[in-house]
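Single-letter residue listing:
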Amino acid sequence: MKTKLVIGNWKMNLDFGAAEDLATSIQEAIENFNLKTEVAICPPFPFLELVTDLADESNFYAGAQNCSQYDNGAYTGEVSAAMLASLGVNFCIVGHSERRKLFNESNEVVARKVDKLIAEDLIPVVCCGEQLEDRKAGRHFEVVEKQVKESLFHLAKNDFEHVVIAYEPVWAIGTGETATPAQASEMHAFIRGLVEKKYGSEMAYNTYILYGGSCNAKNALELFSSPDVDGGLIGGASLKSADFVEIIEAAETSVSEN
Ligand code: PEP
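Residues numbered from 1 in each chain as written. Predicted model: local features only at pLDDT ≥ 70, side-chain atom pairs only at ≥ 80, totals over all residues. Heavy atoms only, no water.

Peer 1: Describe unusual backbone geometry, with residues and values.
Peer 2: Across the chain, the bulk of peptide bonds are trans and the bulk of non-glycine residues have phi less than zero. Positive phi, close to 50°, is recorded for Lys-11, a residue that is not glycine. Take Lys-11: it is sitting in the loop between β1 (5–9) and α1 (16–30). Notably, Asp-121 is not glycine yet its phi reads approximately 65°, a positive angle. Structurally, the position occupied by Asp-121 is in the loop between α5 (107–119) and β5 (123–128). (Helix = DSSP H or I, 4+ residues; strand = E, 2+ residues; numbered from the N terminus.)

Peer 1: Describe the site of the ligand, naming the residues involved and giving the relevant values.
Peer 2: In the neighbourhood of the ligand, 14 residues make up the surrounding shell, with Lys-11, His-96, Glu-168, Gly-174 and Ser-214 lying closest. One of the backbone N or O atoms of Gly-235 is found 2.9 Å from an oxygen atom in the ligand. Summarising the interface, the protein chains cover 96% of the accessible area of the ligand, which totals 290 Å² for the free molecule. Its residues assigned to classes, the shell around the ligand shows 4 nonpolar, 8 polar and 2 charged. (Near = heavy atom within 4 Å. Polar contact = N/O pair within 3.5 Å; in protein donor to acceptor, adjacent residues only side chain to side chain. Areas by Shrake-Rupley, 256 points an atom, 1.4 Å probe, with all protein chains shown as cover. Nonpolar A, V, L, I, M, F, W, Y, C, P; charged D, E, K, R; others polar.)

Peer 1: Residue-level account of the side chain of Thr-52, with values.
Peer 2: As for its placement among the helices and strands, Thr-52 is situated in helix α2 (residues 48–56). With residues near it in sequence (within four places) discarded, Thr-52 still touches Ala-62, Leu-87, Gly-88 and Val-89. (Contact = heavy atoms within 4.5 Å.)

Peer 1: Outline the environment of Glu-196, supporting the account with residue identities and numerical values.
Peer 2: Here Glu-196 lies in helix α9 (residues 181–199). Along the sequence, Glu-196 and Ile-30 sit 166 residues apart, while their C-alpha atoms lie 34 Å from each other. Leave out the neighbours within four places in its chain, and Glu-196 touches Ser-201 and Ala-204.

Peer 1: Please set out α1 residue by residue, giving values where relevant.
Peer 2: Taking 1.5 Å per residue as the helical rise, α1 with its 15 residues ought to reach 21 Å, and the 21 Å between its terminal C-alpha atoms agrees with that figure. For α1, the full list of buried residues reads Ala-19, Leu-22, Ala-23, Ile-26, Gln-27 and Ile-30. Seen end-on, α1 carries its buried residues on one side only, within an arc spanning 130°. Contact partners of the buried residues in α1: β2 (38–42), α2 and α12 (241–256). (Expected span 1.5 Å × (residues − 1). Buried < 20%, exposed > 50% of the residue type's maximum accessible area, 1.4 Å probe, protein only. Arc of directions from axis to C-beta.)

Peer 1: Kindly report on the sheet that holds strand β6 (residues 164–167), identifying the contributing residues and their values.
Peer 2: Strand order in this closed barrel of 8 strands is β1-β2-β3-β4-β5-β6-β7-β8, and the pairing throughout is parallel. For this sheet the average axis-to-axis angle between neighbouring strands, irrespective of direction, equals 25°. Pairing of β1 with strand β8 (residues 231–234), which is carried by 4 bridges, proceeds in the parallel orientation. Among the inter-strand pairings, Gly-8 is bridged to a residue of β8, identified as Ile-234. Strands β2 and β3 (61–64) of the sheet are contacted by α2, whose axis makes an angle of about 160° with β3. (Pairing = 2+ DSSP bridges. Axes fitted to C-alpha atoms, helices over the stretch in contact; angles between N-to-C directions.)

What follows is the structure, encoded as structure tokens:
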């Protein structure tokens, strides 16, 4: 089984002091682990340098939660992929359902952000996932297929290999309701099948497909035990060092158990 990837998405939480405490506490907790799991922390923009500085001397990476689809210029309030790269950021979440819903981020915009990140050698973590009504109506595969194809399948093979996909059913994000391991596995296998059809079986195996949506210290091991679930994108539970570290431990255990 391949090693897992666990990414913490702090969203718009914490202040500088609390961010420093949390990042330092995670660093201290995992610094002596001989980690096989890859770990990344995605703080709000103002705290990124704090995390990139710590990441430099630690066994985790820094990630951003968003970037602009533009290169530079008169885009007040935006942050470019090049700026993130110049800070030493390695990952960037794009197409999170909160951005799709609250900031009208379309698949087309996500695709442009992905291009900017790849051009700067950053790893895009591209989110997809259906709404509750889509699942109830049995449209969940169709919805996710459209998101994945329109956000990613314009990429050439040598660019696609740098992409991480996060399946995050919208009804599970921040709600305390998690997809069952069977639901997560089924959708991950479906997404992997799409990647296989487009880019071949080696790429399908190598592509990291993370689960996100109320993943926590209690349910992480069961979710990560599916061979199609390559780790997690963690929101709420990444704001507590002890919980986040337990999730990282679950990722380690899920690999060693298989
Ligand atoms: C997320 O925002 O990406 C997420 C998965 O949130 P939560 O873990 O809080 O559901």
